[in-house]
Amino acid sequence: MCIAAHMPPPTVLVLPREAAINAFASGMEPADWAITVTEGALEYLTRAELMGLVAHELSHLREGDTQLNMRLIGMVFGLEMVWGWGRSMVAYREEERHFWSNPIIGIIIMAVGWCGWLAGRALQAAVSREREHLADARAVQWTRHADGLGRTLRKCLGQQQGGVQLRLLLLHRAFAHLLLTEGEEEHGSSGWLATHPPLPQRIRRIYGGTRSALPVERLDAASDAPRAAPPNPFRTSRPLPPPTY
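Please read these numbers as outputs of a predicted model, since none were measured by experiment.

Cut-off values and rules
- Residues numbered from 1 in each chain as written.
- Predicted model: local features only at pLDDT ≥ 70, side-chain atom pairs only at ≥ 80, totals over all residues.
- Heavy atoms only, no water.
- Salt bridge = Lys/Arg side-chain N within 4 Å of Asp/Glu carboxyl O.
- Helix = DSSP H or I, 4+ residues; strand = E, 2+ residues; numbered from the N terminus.
- Buried < 20%, exposed > 50% of the residue type's maximum accessible area, 1.4 Å probe, protein only.
- Expected span 1.5 Å × (residues − 1).
- Pairing = 2+ DSSP bridges.
- Axes fitted to C-alpha atoms, helices over the stretch in contact; angles between N-to-C directions.
- Contact = heavy atoms within 4.5 Å.

J.: Would you mind going over the pattern of salt bridges in detail, with residue names and values included?
T.: Applying the stated criterion across every chain yields a total of seven salt bridges. Glu43 serves as the salt-bridge partner of Arg218, at 3.2 Å between the closest nitrogen and oxygen. Linking Arg218 in the segment after helix H7 (199-207) with Glu43 in helix H2 (residues 39-44), this pair joins segments that are 175 residues apart in sequence. A residue is classified by how much of its surface remains accessible, and Glu43, at 18% relative accessible area, is buried. The partner of Arg202 in a salt bridge is Glu132, with the nearest N and O atoms 3.5 Å apart. One end of the pair, Arg202, is in helix H7; the other, Glu132, is in helix H5 (residues 103-143), and 70 residues separate them in sequence. With respect to burial, Arg202 and Glu132 carry one shared label: buried. Among the charged side chains, a network of salt bridges with common partners joins Glu49, Arg151 and Lys155.

J.: Tell me about the environment of Leu42, residues and numbers included.
T.: Relative to the elements of secondary structure, Leu42 occurs in helix H2. For Leu42 and Val14, which are 28 residues apart along the polypeptide, the C-alpha to C-alpha distance reads 8.8 Å.

J.: Quick one: what's the story with helix H3 (residues 47-62), residue by residue and with numbers?
T.: The end-to-end C-alpha distance of H3, which contains 16 residues, comes to 22 Å, matching closely the 22 Å that a straight helix rising 1.5 Å per residue would cover. Three or more residues of H3 are buried, namely Glu49, Gly52, Leu53, Ala55, His56, Glu57, Leu58, Ser59, His60 and Leu61. Gly64 sits one or two positions beyond H3 and adopts a positive phi of about 80°.

J.: Which residues make up the sheet that holds strand E2 (residues 23-26), and what values go with them?
T.: Picture the strands of a sheet paired through backbone hydrogen bonds; they go either parallel or antiparallel. Here three strands make up an open sheet; going across it, the order is E1-E3-E2 and the pairing mixed. The strands lining the two open edges of the sheet, one partner per strand, are strand E1 (11-15) and E2. The mean inter-strand angle of the sheet, taken between neighbouring strand axes irrespective of direction, is 20°. Two elements, E1 and strand E3 (residues 34-38), share five bridges in a ladder whose sense is parallel. Following the sheet pairing, Leu15 is matched in E3 by Thr38. Most of the contacts of H3 go to E2, to which it runs at about 25°, and overall it touches E2 and E3.

This is the structure we're talking about:
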């Protein structure tokens, strides 16, 4: 995929013990670029589907989306700190009262911080949605077929309908725009604070029409086929004949 994208290969990392199909790219400079893939993506995606997933994340690196996303994260956190500063000024104790704990000034700072935070989140979400569409298009261009990323997103849709969600989202929602799919909030909704377009919309853009969700089955890494049941160790079999030369 890096050869197709004409870019140096990033570091590849695996997020273990994570059943959700997802991935994200990080890094400010080519020397720091990295793509992290969940263990579920390795278990449930075929080689062609993994190529589509990796191509999507490579697009974020090549187009500078990761740099922009990190700056937007810093901006949103900074505005959230302004709101927290105003809140600390309002929640003062009587024995600690001084000028900087004036509740009126605190309310004003809270209002300014909240308005700035809301505007920052809206800008972050709008930019992220547009970059997701571009990364989807790049993935189809570099893999030269729509089924790679298309089937990956359809399996992600199947997992979401089954209630499987990335546990990393529980840490902080501000990092959701770094992921391949955001989770439950993007499914069936197009809110102006959503960092990803709805999965059905992304699938429809890739195929030029609607497609249903796909069932998620653990695959055999060697053949891209569903893994067979393990052999029964108590089952007897006839010995093989000696080899002939």
